Protein chains: 2
Amino acid sequence: MSRDKVNLAQKLSLFGEQWSPKIVGELNGQHVRLVKLFGEFVWHHHDDEDELFLVVKGRFRMEYRDGEEWIEEGEFVVVPRGVEHRPVAEEEAHVMLFEPASTLNTGNVRDGLTQEVLDRI
Amino acid sequence: MSRDKVNLAQKLSLFGEQWSPKIVGELNGQHVRLVKLFGEFVWHHHDDEDELFLVVKGRFRMEYRDGEEWIEEGEFVVVPRGVEHRPVAEEEAHVMLFEPASTLNTGNVRDGLTQEVLDRI
């Protein structure tokens, strides 16, 4: 495990794809991932994993079946396991994720957005 | 578990004490904590926990027995379990921690800086 520091902006400059999380850190079986959001993701949940979204740049809307909340720069939200959710970004947003290494981006759903293998950058 | 969002700046405005981590989120057995650093902490390590420090405001120096590194705003470092370290901040720095809920702030050391019980804010 590296103890070298990670600069979020520098890592974010290394890729352009949206909805494609990149692994930038690992600790205690958890991943730190960076992802660029734009548009509507797929509705899904994670059976066994809680998932943290911290906005590094921009903002996005987290939709739930019973409501929604805008998450702004410098804010985070934890989506508990089992809770169906859909992130939506009207403009590109840059987000840091903190979640178990086992977490599949589309949770219980497999579709064109599913990323089975994530790059480490 | 709350799915309400957390605003880091708002939470940081709620306390002034330094070296006293506050719990602001919990997921997968891990805590999200906020802490204000100023001056020199105590040398310590964690036997079983890797620890992430993300700088929200300011900068600090992470010292190791064989070197040191400045961690700037928008950067994080993961200190692997077993690695002796000492955070030092020449000016007050605001830091978000990700670490197992079991993590004691002073690790293997007990002294005046040890916080046995952390507030949730």
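The preceding data block contains the structure.
Read on for an overview of the structure.

What counts and what doesn't
- Residues numbered from 1 in each chain as written.
- Chains lettered and ligands numbered in written order.
- Predicted model: local features only at pLDDT ≥ 70, side-chain atom pairs only at ≥ 80, totals over all residues.
- Least-squares fit on C-alpha atoms with pLDDT ≥ 70 in both.
- Contact = placed C-beta atoms within 7 Å.
- Pairing = 2+ DSSP bridges.
- Helix = DSSP H or I, 4+ residues; strand = E, 2+ residues; numbered from the N terminus.

1. A short note on the relation of the copies chain B and chain A
Argument step 1. Overlaying chain B with chain A gives an RMSD of 0.0 Å, the required rotation being 180° about an axis along which the chain moves by 0.0 Å. Both copies are brought into coincidence by an operation consistent with a two-fold rotation axis.
Argument step 2. Take the interface residues of chain B: 100% of them recur as interface residues in chain A, which is what a same-surface contact looks like.

2. Observations concerning the pairing of strand β2 (residues 22-27) of chain B
Residue and element names in this part refer to chain B.
Argument step 1. Relative to strand β3 (residues 30-40), β2 runs antiparallel, the two being bridged by five bridges. Of the residues in β3, the one forming a bridge with Gly25 is Val32.
Argument step 2. Hairpin connection from β2 to β3: two residues lie between these consecutive antiparallel strands, with Asn28 at a positive phi of about 55°.

3. Concerning the environment of A:Arg3
Argument step 1. Along the polypeptide, A:Arg3 turns up in the segment before β1 (6-7).
Argument step 2. A:Arg3 sits 22 residues away from A:Gly25 along the chain, and the two C-alpha atoms are 9.7 Å apart.
Argument step 3. When sequence neighbours within four positions are dropped, the list of residues in contact with A:Arg3 reads B:Val77, B:Val78, B:Val79, B:Pro80 and B:Val83.

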